[in-house]
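Take a look at the letters that make up each chain.
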Amino acid sequence: MEQYTVTVIGLGFVGLTTALGLAEAGHRVYGVEKEPARLAQIQAGQLPFAEPNLDKALVRHLANGKFQATNNALTAATASQIIFLCVGTPCGDDGAADLQYLRQAIDDTLAAFTDGQYRLYVVKSTVPPGTTKRAIAPYLAEHQTPAMQIGLVNNPEFLREGYCWQDFIQADRIVCGCEDEEAEKIMRALYAPLAIPFHSVSLNTGEYIKYLSNSMLAAMISFANEMALLGEAIGDIEIARAFRILHEDRRWADGSMKSYVYPGCGYGGYCLPKDTKALQAQAKIYHAETKILDQVIALNEQMADKVAKRIMAQTKATDRIGILGLSFKPNSDDVRDTPAAKVIALLQENGYQEIMVYDPAANGLFAEKYPQLKVSYYSNAEDVCHDADIVVILTAWSEFREIRDKIRRKPFIDGRYLL
Ligand SMILES: NC(=O)c1ccc[n+]([C@@H]2O[C@H](COP(=O)([O-])OP(=O)(O)OC[C@H]3O[C@@H](n4cnc5c(N)ncnc54)[C@H](O)[C@@H]3O)[C@@H](O)[C@H]2O)c1
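Residues numbered from 1 in each chain as written. Predicted model: local features only at pLDDT ≥ 70, side-chain atom pairs only at ≥ 80, totals over all residues. Heavy atoms only, no water.

> I'm lost on the nonpolar core in this one. Help?
In globular proteins that are soluble, nonpolar side chains generally tend to be buried together. Grouped together as the largest cluster of nonpolar side chains are 44 residues, with contacts concentrated most on Val6, Phe67, Phe84, Met187, Leu190 and Tyr191. It is helix H1 (residues 13–24) that contributes the most residues to this core, six residues altogether. Leaving out residues up to four positions away in the same chain, Tyr191 has contacts with Leu22, Phe84, Lys124, Asn155, Phe168, Ile174 and Phe198. Counting 40 residues, the second-largest nonpolar core is a separate cluster that includes Leu152, Tyr211, Tyr267 and Ile297. (Core = buried A, V, L, I, M, F, W, Y, C linked by side-chain atoms within 4.5 Å. Buried < 20%, exposed > 50% of the residue type's maximum accessible area, 1.4 Å probe, protein only. Helix = DSSP H or I, 4+ residues; strand = E, 2+ residues; numbered from the N terminus. Contact = heavy atoms within 4.5 Å.)

> How should I be thinking about helix H5 (residues 100–109) in this particular structure?
An α-helix turns once every 3.6 residues. As a result, residues three or four positions apart point the same way. Here H5 has its buried residues at Leu102, Ala105, Ile106 and Thr109. With its buried residues spanning 100 degrees around the axis, H5 presents them on a single face. Against strand S1 (5–9), helix H4 (73–78), strand S4 (82–85), strand S5 (118–123) and helix H6 (131–143) lie the buried residues of H5. (Arc of directions from axis to C-beta.)

> For this particular structure, what's the right way to read unusual backbone geometry?
Trans peptide bonds make up the majority, and among non-glycine residues the majority have a negative phi. Positive phi is not limited to glycine here, since Asp236 has a value of about 55 degrees. As for its placement among the helices and strands, Asp236 is situated in the loop between helix H9 (203–234) and helix H10 (239–246). In this structure Asp236 comes out as exposed when scored by relative accessible area, which is 87%. In the Ramachandran plot, Tyr417 falls in the positive-phi region, its phi being about 50 degrees despite a non-glycine side chain. Residue position: Tyr417 is located in the segment after strand S13 (412–414).

> Sorry if this is basic, but what is going on with H1 here?
Between the first and last C-alpha of H1 there are 16 Å, a value that for 12 residues agrees with the 16 Å anticipated at 1.5 Å per step. For H1, the buried fraction is high: 10 of the 12 residues fall into the buried class. For H1, the set of buried residues is Phe13, Gly15, Leu16, Thr17, Thr18, Ala19, Leu20, Gly21, Leu22 and Ala23. One or two residues past the end of H1 sits Gly26, with phi positive at roughly 105 degrees. (Expected span 1.5 Å × (residues − 1).)

> Hey, could you run me through the layout of surface pockets in this one?
With a probe scaled to a water molecule rolled over the atoms, the places where space remains empty come into view. Its boundaries defined by the atoms lining it, the second largest pocket holds a volume of some 290 Å³. Pro129, Tyr208, Tyr211, Leu212, Ser215, Met216, Ala219, Leu279, Thr290, Ile292, Leu293 and Val296 are the residues that line the second largest pocket. Secondary structure elements with two or more residues in the lining of the second largest pocket: H9 and helix H12 (291–313). Residue contributions to the lining of the second largest pocket peak at six residues, all from H9. Across the lining of the second largest pocket, the residue classes tally to 10 nonpolar, two polar and no charged. (1 Å grid on protein atoms, 1.4 Å probe; cavity = no way out; pocket = protein on both sides within 12 Å on 5 of 7 lines; lining within 4 Å. Points joined across faces, edges and corners; volume = space filled by probe spheres on them. Nonpolar A, V, L, I, M, F, W, Y, C, P; charged D, E, K, R; others polar.)

> Help me understand the packing of aromatic side chains, please; the structure alone is not making it clear to me.
The tally for this structure, following the rule as stated, stands at six aromatic pairs. Aromatic pair Tyr358 and Phe400: ring centres 6.2 Å apart, planes at 65 degrees, arrangement edge-to-face. Of this pair, Tyr358 sits in strand S10 (residues 355–358) while Phe400 sits in helix H16 (residues 398–402), and the two are 42 residues apart along the sequence. You can call Tyr358 buried: its relative accessible area is 8%. Phe400 sits in the buried class, given a relative accessible area of 0%. The ring of Tyr30 has Arg28 lying over it, and the distance from NZ or CZ to the ring centre is 4.7 Å. The lysine or arginine in question, Arg119, covers the ring of Phe113, its NZ or CZ lying 5.8 Å from the ring centre. (Phe/Tyr/Trp six-rings, centres within 6.5 Å; stacked < 30°, edge-to-face > 60°. Lys NZ or Arg CZ within 6 Å of the ring centre and 35° of its normal.)

> Looking at this structure, how should I read the site of the ligand?
The immediate surroundings of the ligand are formed by 27 residues, with Glu33, Thr89, Thr126, Glu161 and Lys274 found nearest. Here a nitrogen atom of the ligand and a backbone polar atom of Lys34 are 3.3 Å apart. One nitrogen or oxygen atom from the side chain of Asp108 is found 3.2 Å from a nitrogen atom belonging to the ligand. Burial of the ligand by the protein amounts to 92% of the accessible area it has alone, namely 830 Å². Sorting the residues of the shell around the ligand by element identifies H1, H5 and helix H11 (271–285) as the ones contributing at least two each. Residue composition of the shell around the ligand, by class: 10 nonpolar, seven polar and 10 charged. Shared between two domains, the shell around the ligand holds at least three residues of each, these being domain 1 (5–201) and domain 2 (210–414). (Near = heavy atom within 4 Å. Polar contact = N/O pair within 3.5 Å; in protein donor to acceptor, adjacent residues only side chain to side chain. Areas by Shrake-Rupley, 256 points an atom, 1.4 Å probe, with all protein chains shown as cover. Domains from an automatic or database assignment.)

> Just checking my understanding: could you explain a nonpolar patch on the surface for this structure?
Where nonpolar side chains cluster on the molecular surface, the patch consists of Phe223, Met227, Leu230, Ile234 and Ile237 and spans about 470 Å² of accessible area. As for its placement among the helices and strands, Phe223 is situated in helix H9. (Patch = residues over 30% accessible without salt bridge, like charges linked within 9 Å, V, L, I, M, F, W, Y side chains within 5 Å. Salt bridge = Lys/Arg side-chain N within 4 Å of Asp/Glu carboxyl O.)

> For this particular structure, what's the right way to read empty space enclosed by the protein?
Tallied over the entire structure, the rule returns two cavities of 30 Å³ or more. For the largest cavity, the calculated volume is near 40 Å³. Sort the elements by how many residues they give to the lining of the largest cavity and H9 lands first, with three residues. Residues that form the lining of the largest cavity fall into these classes: four nonpolar, four polar and two charged. When its volume is computed, the second largest cavity comes out at roughly 40 Å³. What lines the second largest cavity is simply Cys265, Gly266, Tyr267, Asn300, Met303, Ala304, Pro339 and Lys342. Tallying contributions element by element places H12 first for the lining of the second largest cavity, with three residues. For the lining of the second largest cavity, the class distribution of residues is five nonpolar, two polar and one charged.

> Help me understand the domain arrangement of the protein chain in this model?
How big an interface is tends to be expressed through the accessible area that disappears when the partners come together. Once the domains are mapped, the protein chain shows domain 1 (5–201) and domain 2 (210–414). Contacts between domain 1 and domain 2 engage 25 residues on the former and 21 residues on the latter. For the pair domain 1 and domain 2, the summed buried area comes to about 1,700 Å², and 54% of that belongs to carbon and sulfur atoms. Summed over the three residues of domain 1 that lose the most area to domain 2, namely Thr126, Pro129 and Glu161, the buried surface amounts to 29% of that side. Across the contact surface, domain 1 and domain 2 share one salt bridge. One salt bridge connects Glu161 with Arg336, and the closest N-O pair in it is separated by 3.4 Å. Where domain 1 packs against domain 2, one counts nine residue pairs in polar contact (both at pLDDT 80 or more). Of the residues in the side of domain 1 that touches domain 2, the class split is 13 nonpolar, seven polar and five charged. (Buried area = accessible area lost by both parts, 1.4 Å probe.)

Structural data, given as structure tokens:
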């Protein structure tokens with residue numbers, strides 16, 4: 001087996017999983033993180049976010065020396081043959097993917113190439129189709145000296161938060177956008193120990209597959225929401241039951257796709273909101289029409305407003321509102337772009353003062369990220385049900401189903417069709 005030394009820049013969900021996954025595959029990995037508190041936590045063997053099984057992998061690979069976390073990108077890159085870029089690509093003001101962190105990660109490591117040895121940049125961050133070829137390669141070319149031998153591929157990541165480790169180690173497929181034979185050989189050898197089907201495709205195709213996947217998932221969620229809103233408008237329709245019966249169709253039988261063909265408060269989290277918008281922005285540049293994608297996004301942006309209006313229609317501003325669930329999905333503590341923050345902000349704009357909230361994993365991160373939202377944090381769902389005048393489910397945690405009788409004793413709104 002070929003053993004590589006790899007640098008992974010950015011130790012978020014994707015970077016830390018990639019770093020530890022490649023260590024598990026037998027490589028020597030440097031993880032580079034610029035945020036001091038996050039770095040210190042990782043160096044101490046603690047995950048900076050909730051993620052099953054990744055915690056054990058972190059402890060294991062720190063102890064066996066396969067993984068080391070540092071803030072020195074240049075030293076790490078100089079010692080490596082492969083440099084993974086796993087930094088954020090958030091939405092800019094116009095919806096387009098903001099590439100500043102990628103450019104910064106390249107600036108931090110490019111000097112490693114001055115020794116004339118071939119090294120490979122792997123763009124694992126999600127970037128819209130066309131970006132590696134038309135933005136990153138030209139950026140490298142601008143800064144490259146004749147002595148530098150730079151390989152460049154993309155390798156989009158399909159992991160789901162809550163299942164990061166399993167989704168990386170036993171991925172369904174590896175997609176590598178690659179137009180350079182030497183680079184393809186290295187990428188195949190790097191991943192070979194994991195024995196996962198490997199697809200080498202053109203640079204644009206690699207990026208396109210990732211956006212195809214996320215836009216398709218977002219479309220299913222928005223369509224399910226549109227149908228649920230129609231059902232609510234007609235009335236006397238058991239919407240949750242209707243969807244569960246839909247899922248009995250054997251074409252849905254074996255899969256987690258069911259959770260996407262199901263209504264709720266709209267999609268949130270880091271990826272679907274920003275990736276659908278980035279694809280929409282990219283389509284504008286290429287003068288392509290995306291009528292369905294436009295509606296997928298528009299409906300999603302209205303969902304928090306619709307949930308807030310449902311709450312306000314049944315309450316007065318002086319009522320005590322109990323919110324169950326803050327993370328964007330169950331089994332995760334990620335609160336980025338979570339519908340709960342939007343619903344609570346809308347309630348507060350409309351004069352609601354007493355909002356009591358509980359999430360099994362995300363109370364702390366929510367308080368940190370949304371300090372402007374004045375809410376009371378509870379340590380369990382029962383107490384929220386006891387103290388509130390109305391209970392609203394905003395995340396489909398299964399533990400809320402277990403106390404459905406307690407929830408039903410009060411007026412309640414099941415924003416996730418969970419009960
Ligand atoms: N979160 C997911 O479920 C998921 C899934 C697939 C793909 N992606 C994509 O992967 C990329 C990363 O996502 P994430 O959720 O891991 O992001 P994240 O924001 O959780 O992590 C990014 C990390 O990179 C660090 N960083 C930024 N610039 C740096 C630099 N120059 N040097 C060192 N560290 C730096 C940040 O401090 C942060 O810790 C994004 O493009 C995202 O769209 C995310």
